[in-house]
Amino acid sequence: MVSIEATAIPDVKVVTPKRHGDHRGFFSETFNLRDFAEGGIAGGFVQDNHSLSGPVGTVRGLHFQSAPFAQDKLVRVVRGAILDVAVDLRRSSPTYGRHVAVELSAQNWRQLWVPVGFAHGFCTLEPDTEVVYKVTGYYSAAHDHGMRWNDPDLGIAWPVAGDAALLSAKDAAQPRFAELPAYFD
């Protein structure tokens, strides 16, 4: 069993798989195609990604891929905690430019469904945080894009100040939201 709840942007969903625990530990189905389809989430995953971020305040994102390699993502934390963010880039959407931010952790066992048309990123809240996510499109460097994580036009309340965030050189040089072409109409 799994609980699937819409967020303030209904296409982005919080997924909470059931955990069955006893004196040995726990068991959980973190993905079940039938249960997800009944909850309005299509599968079709082709790749799993796994990241480890050492320091608290590590920011990865905001990233997305354009067509024909656009990706839905199912994000979960297996160790530590993150603030996970999805920004709507669909120009025709009533929530264009708005975002959803959800805390995901190994403790709360929640996952975030981020559909095609959204930029995705996260900030670590605990040291040595590991994030695993399934995607529905293969990675393509030619279709890999991003935008500035702390663009003031987005109004994201990140848990780290700009000068304290640990970023890759690529993420530090991303364009602002207003500078993005219309990748998703």
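Residues numbered from 1 in each chain as written. Predicted model: local features only at pLDDT ≥ 70, side-chain atom pairs only at ≥ 80, totals over all residues. Heavy atoms only, no water.

1. Overview of the packing of aromatic side chains
Okay, step 1: Using the criterion set out here, one finds eight aromatic pairs in the structure.
Okay, step 2: Taken together, a centroid distance of 5.0 Å and an interplanar angle of 80 degrees make the contact between F31 and F45 edge-to-face. One end of the pair, F31, is in the loop between β4 (25–28) and α1 (33–38); the other, F45, is in the loop between α1 and β5 (47–53), with 14 residues separating them in the sequence.
Okay, step 3: Its relative accessible area of 26% is what places F31 among the partly exposed residues.
Okay, step 4: Where Y96 meets F177, the ring centres are 5.2 Å apart and the plane angle is 40 degrees; that geometry is what we call tilted. One end of the pair, Y96, is in the loop between β8 (81–88) and β9 (99–105); the other, F177, is in the segment after α2 (169–172), with 81 residues separating them in the sequence. (Phe/Tyr/Trp six-rings, centres within 6.5 Å; stacked < 30°, edge-to-face > 60°. Helix = DSSP H or I, 4+ residues; strand = E, 2+ residues; numbered from the N terminus. Buried < 20%, exposed > 50% of the residue type's maximum accessible area, 1.4 Å probe, protein only.)

2. Focus on unusual backbone geometry
Okay, step 1: Cis geometry is found at the peptide bond from G61 to L62, where omega equals 10 degrees.
Okay, step 2: Position of L62 among the secondary structure elements: in strand β6 (residues 59–65).
Okay, step 3: With an omega dihedral of 5 degrees, the bond running from A67 to P68 counts as a cis peptide bond.
Okay, step 4: As for its placement among the helices and strands, P68 is situated in the loop between β6 and β7 (73–79).
Okay, step 5: A positive phi angle, near 65 degrees, is found at W109, a position not held by glycine.
Okay, step 6: Note on placement: W109 falls in the loop between β9 and β10 (111–114).
Okay, step 7: In this structure, D128 is a non-glycine residue whose phi angle is positive, near 55 degrees.
Okay, step 8: Take D128: it is sitting in the loop between β11 (118–124) and β12 (129–135).

3. Points about the UniProt feature "active site" (unreviewed entry) in the protein
Okay, step 1: Per the UniProt record, "active site" (unreviewed entry) is found at H63 and Y133. Judged by maximum C-alpha separation, these annotated positions cover 71 residues in sequence but sit close together in space, the widest gap being only 13.3 Å.
Okay, step 2: The residue H63 is located in strand β6 in this model.
Okay, step 3: Look past the residues within four positions of H63 in its chain and what remains in contact with it is K73, F118, A119, H120, H145, G146, D171 and Q174.
Okay, step 4: A distance of 3.5 Å separates a polar side-chain atom of H63 from the backbone nitrogen of G61.
Okay, step 5: Note on placement: Y133 falls in strand β12.
Okay, step 6: Among residues more than four places away in sequence, those in contact with Y133 are Q47, D48, N49, K73, L74 and V75. (UniProt positions renumbered as here; feature names shortened; annotations may be inferred. Contact = heavy atoms within 4.5 Å. Polar contact = N/O pair within 3.5 Å; in protein donor to acceptor, adjacent residues only side chain to side chain.)

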